[in-house]
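In case you want the letters, here they are:
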Amino acid sequence: MSSSDINCGSGGGANTYTGLRIASIFIIFAGSGFGALFPVLARRSSWLHVPTPLYEFAKYFGSGVIIATAFIHLLSPGVDELASPCLSPAWQEYPYAFAFAMLSLFFIFIVELVAFRWGTAKLAALGVAHDAHGHGVVSHAAHGPEAYAHRNTPAKDSQSDKSDLETGHGDLTVEGDVLAQMIGVFILEFGVLLHSLFIGLTLAVDENFKVLFVVIVFHQLFEGLGLGSRLSLLKLSPRYHYVPVVAGIFYAITTPVGIAAGLGVRSTYNPGSTTASIVSGVMDSFSAGILLYTGLVELLAHEFLFNNEMQKASNGKVVYAVTCMLFGTGIMALLGRWA
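These numbers were taken from a predicted model, which means no experiment stands behind them. (Residues numbered from 1 in each chain as written. Predicted model: local features only at pLDDT ≥ 70, side-chain atom pairs only at ≥ 80, totals over all residues. Heavy atoms only, no water.)

## Considerations on the overall build of the protein
Point 1. A count of helices and strands for the protein gives ten helices and zero strands.
Point 2. Helices and strands appear in the protein in the N-to-C order α-α-α-α-α-α-α-α-α-α.
Point 3. Expressed as a percentage of its 339 residues, the buried residues of the protein come to 48%.
Point 4. Here the contacts in the protein between residues at least 6 apart in sequence split such that 81% fall between residues at least 24 apart. (Helix = DSSP H or I, 4+ residues; strand = E, 2+ residues; numbered from the N terminus. Buried < 20%, exposed > 50% of the residue type's maximum accessible area, 1.4 Å probe, protein only. Contact = heavy atoms within 4.5 Å.)

Written out as structure tokens, the structure is:
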């Protein structure tokens, strides 16, 4: 591209396919909503019996989707955006995209570390054991479904159970598990929502709308399934049952909101402008760090290394789980060829 073709100012949004761009708001809302909410609602339904192997496939497939999203759909675009010729030469003198991703990764780690140590200290003061990895028989894991892996194990005698009920320690332990799970959901949701918003803005003004539209429909569907499968496996008390549904709804509406906003400002919004490149590049890089931490630590490490069920599983089941994860990674990485 010659320097004369570069538009670093405002405007530049395509005015073609206006009707289809408007329709894309509802089409992508339906696809995103189905992907994020179907696993949640199906698992709660008494009449819709989805086989357990299908849930496991969606869970591991979703882990792969999230990791590929971090590398291919966030970090790579972030590098390109912060290397835009519209930016000053100072942006070319340091790998800012990787630095922002690293910063967000450590930020999320520190937030979770502080929250974990604070919660553990509170429980320890009450004499309640808490094991983040679920290794102990009487412990409660801090992350995801394994938090409840030992709830049905006769680890305590009746006298101990009675003592917990009398002192309220059992309720506090449940609250601690709920808090840990909700922190994990918030971290994952935050990274995905930022990404989805910028996707919508780009789709509203991009000249190659048709190809990008088809790719983003599948992109949002697969990413929604990855998020929804994780939301469906949360074990929350009845007072927090609304959290997975609300999280799924937020995911479903974010890209359509981005499209609507992009259509509203397409005469002045240029995704290749200096300001847009900086904002989008920083946010994409920051989101990449969040999803890298979530995918590699919260999903892979806690699902394969620290999960008691997986540790005792047959080699066949482990191979199946890894294959599903790699399949999700491959599909999402392939979509990066076009968007």
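Moving on from the model shown.
## Points about the confidence of the model for the protein
Point 1. Counting all residues, the mean pLDDT for the protein is 80, and 80% of those residues have values of 70 or more.
Point 2. Taking the mean pLDDT of every element in the protein, the minimum, 45, falls on helix H4 (residues 158-167) and the maximum, 93, on helix H10 (residues 315-335). (pLDDT = per-residue confidence, 0-100.)

## Some points on H10
Point 1. Given a rise of 1.5 Å per residue, 21 residues ought to cover 30 Å, and the 30 Å separating the end C-alpha atoms of H10 matches this to within 8%.
Point 2. Residues of H10 that are buried include every one of Ala321, Cys324, Met325, Gly328, Met332 and Leu335, and no others. In a view along the axis of H10, the buried residues occupy a sector of 95°, so they form one face of it. Those residues of H10 that are exposed and aimed more than 90 degrees away from the buried face are Asn315, Val319 and Leu326. (Expected span 1.5 Å × (residues − 1). Arc of directions from axis to C-beta.)

## Points about the side chain of Thr69
Point 1. Following the sequence through the fold, Thr69 ends up in helix H2 (residues 52-81).
Point 2. Of the polar contacts made by the side chain of Thr69, one reaches the side chain of Glu223; its length is 3.3 Å. (Polar contact = N/O pair within 3.5 Å; in protein donor to acceptor, adjacent residues only side chain to side chain.)

## Here we look at a nonpolar patch on the surface
Point 1. Together, Phe29, Leu197, Tyr242, Val246, Ile249, Phe250, Ile253 and Val257 make up a nonpolar patch on the protein surface, roughly 670 Å² of accessible area in all.
Point 2. The element best represented in the nonpolar patch is helix H7 (residues 242-264), accounting for six residues.
Point 3. Inspection of the secondary structure puts Phe29 in helix H1 (residues 18-44). (Patch = residues over 30% accessible without salt bridge, like charges linked within 9 Å, V, L, I, M, F, W, Y side chains within 5 Å. Areas by Shrake-Rupley, 256 points an atom, 1.4 Å probe, with all protein chains shown as cover. Salt bridge = Lys/Arg side-chain N within 4 Å of Asp/Glu carboxyl O.)

## Examining the pattern of salt bridges
Point 1. The full count for this structure, using the stated rule, is four salt bridges.
Point 2. Measuring nitrogen to oxygen at the nearest pair gives 3.1 Å for the salt bridge that ties Glu303 to Arg230. Of the two residues, Glu303 is situated in helix H8 (residues 274-305) and Arg230 in helix H6 (residues 209-232); the sequence distance between them amounts to 73 residues.
Point 3. Salt bridges sharing partners connect three or more residues here, namely Glu56, Glu309 and Lys317.

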